Amino acid sequence: MATQERIYRRLAAGVWQQGNRIYIQWGRDKKEYLDKSYSPQNARDIKSAINLLKQREEESRFGISKNNSDDPYLYDFRYAMEEYLEIVDAELKTAPKTRRFLERIWLPHFKGRTLGSIGQFEIKNVIKSWKKKDGGKYSTSEKKNRLIACTQLFKNFDIDPNPCSGIKVPRLQTLPIDRYLPNERTTIISAASRYDYVRAGDFQLAQVLGFACGFRPGEIFGLRKLSFEGQLIHTDKQVTEDGVQDLKTGKDRWVYIPSWARPYIDKYLKRLEDDEWLFVNHNGGVLKDRTPIYSRHKALHVEMNIPLKREGYAERDMYTNRHTRASELLSNGVSSGDGSSQLGHSPEMFQRIYARFIKEYSGKENYSHLEGAPLEKNALRLV
């Protein structure tokens, strides 16, 4: 049996490649293999290895070990992160987001740095650099959630002062959510047939499922053919940029399909096998990157002259389809309990977010339901 060829290559002074791994070497007998996420083909990883080597040389000069448990200030950020994530993994609800935030947002900035060397001004600069792919800004809550992951990492190792503590995330002015008018909804569904992504009719079906059932976009992309059962859809998964996960609330639910939407759905399902995902990317995998779908949504608005943003309201996106369904349910007199169970909300949140749409949908003022029981004749004597 042939042994796999071993590759040894000098990447920089003191930085070497062995197979598909990077290791650094300083002094006569100091050698450290970096974890497998460091690639010898990635220039940024090689640069990080060089920085880590310099740090190890400094630690060696002063007799400091990276594994010195008595001084967590000298822990390498990456090793501290991995140790912390092992603890967080036990918390199933927060673990995926915490891991994503630390690995994708914070690690690229602090790879090769010790916890004690990271200052608050650097944390603030990272926050200032955050921009969405489409150029938009992250909401206050999104920024806070990203910051919390980093804050908890430093807190876990008792770094005092915690460089994340005391940072105030500027509060963005939040506008009320919008919904589509009935004629706009009809236009969007009709025109969506011209914006296929991978499969014929996939973009139109995504619009239909949002308007008809009030699914979140991630829930739409987490549906399979076997999710459909008669006039109901069973939703128990969502697709995020990390892949297939449990629903946001952690609870699955059965959602009613309005009769007008069933022909669109039935026609599409006939072409699929029972275990197939309704929506896939060009490689046949789940739709983790929603950018192509969202860009089609915006292009449709431009073509059909439907405003993406109305004055006084938040910008419309595919989430607005869900808001439209919720306000429709309320205007039809659906109880908070039934409405919230369909959309995966609590009754309190359902009412708080959507109650203001009732009057807009009804088109008239009718206060009869507020009258209450009348008093008997002559029961009230005016003085």
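Further up the page is the structure itself.
Conventions we followed
- Residues numbered from 1 in each chain as written.
- Predicted model: local features only at pLDDT ≥ 70, side-chain atom pairs only at ≥ 80, totals over all residues.
- Heavy atoms only, no water.
- Phe/Tyr/Trp six-rings, centres within 6.5 Å; stacked < 30°, edge-to-face > 60°.
- Helix = DSSP H or I, 4+ residues; strand = E, 2+ residues; numbered from the N terminus.
- Buried < 20%, exposed > 50% of the residue type's maximum accessible area, 1.4 Å probe, protein only.
- Lys NZ or Arg CZ within 6 Å of the ring centre and 35° of its normal.
- Pairing = 2+ DSSP bridges.
- Contact = heavy atoms within 4.5 Å.
- Axes fitted to C-alpha atoms, helices over the stretch in contact; angles between N-to-C directions.
- Salt bridge = Lys/Arg side-chain N within 4 Å of Asp/Glu carboxyl O.
- Core = buried A, V, L, I, M, F, W, Y, C linked by side-chain atoms within 4.5 Å.

Once that is clear, we can look at the packing of aromatic side chains. A full pass over the atoms with the stated rule returns 12 aromatic pairs. Their ring planes at 70° and their centres at 5.6 Å tell us that Tyr180 and Phe211 sit as a pair that is edge-to-face. Residue Tyr180 is found in the loop between helix H5 (140-156) and helix H6 (182-191), and its partner Phe211 is found in helix H7 (residues 202-213); the two are separated by 31 residues along the sequence. For the pair shown, Tyr180 and Phe211 are each scored as buried. An angle of 80° between the planes, with centres 6.4 Å apart, marks the rings of Trp260 and Tyr264 as edge-to-face. The side chain of Lys31 reaches across the aromatic face of Tyr23, ending 4.3 Å from its centre. Lying over the aromatic face of Trp277, Arg224 brings its terminal NZ or CZ to 5.2 Å of the ring centre.

With that settled, consider the sheet that holds strand S6 (residues 232-235). On the basis of which strands lie adjacent, the open sheet formed by three strands has the order S5-S6-S9 and antiparallel pairing. Each edge of the sheet is formed by a strand with only one pairing partner; in this case those strands are strand S5 (228-229) and strand S9 (253-256). The sheet contact formed by S6 and S9 spans four bridges and is antiparallel. If you follow His234 over to S9, its bridge partner there is Trp254. Running over the sheet, H7 touches S5, S6 and S9 and is turned about 95° from S9.

With the rule as written, the count across this model stands at 16 salt bridges. A salt bridge links Lys237 to Asp246, with the nearest nitrogen and oxygen atoms 2.8 Å apart. Classification of Lys237 by relative accessible area gives partly exposed; the value is 28%. You can call Asp246 partly exposed: its relative accessible area is 49%. Glu328 serves as the salt-bridge partner of Arg325, at 2.9 Å between the closest nitrogen and oxygen. Of this pair, Arg325 and Glu328 both sit in helix H11 (residues 319-331), three residues apart, which is roughly one turn of the helix. A relative accessible area of 17% places Glu328 in the buried class.

Now for the sheet that holds strand S3 (residues 21-26). Spatial ordering of the open sheet is given by S1-S2-S3-S4, a layout of four strands whose pairing is antiparallel. On the outer flanks of this sheet lie strand S1 (8-12) and strand S4 (30-33), each paired with one strand and no other. Strand-to-strand twist across the sheet, computed as the mean angle between neighbouring axes with direction ignored, equals 30°. As paired strands, strand S2 (residues 15-18) and S3 are joined by four bridges and run antiparallel to one another. Bridge pairing links Gln17 to Ile22 in S3.

Further remarks concern H6. Taken together, the buried positions of H6 are Glu184, Arg185, Ile188, Ile189 and Ala191. Of the surrounding elements, those touching the buried residues of H6 are H7, helix H9 (262-269), helix H10 (291-304) and H11.

Ranked by size, the top nonpolar core spans 37 residues in total, and within it Leu209, Phe228, Leu278 and Phe279 carry the most contacts. Put simply, the parts of the chain that give this core at least two residues each are H6, H7, H9 and H10. Looking at this core, the element that brings in the most residues is H7, giving eight residues. Setting aside residues no more than four positions away along its own chain, Leu209 makes contact with Gly214, Phe215, Ile220, Leu223, Phe228, Ile233, Ile265, Leu278 and Phe279. Core analysis: the second largest hydrophobic core is formed by 31 residues, Phe101, Val126, Leu153 and Val169 among them.

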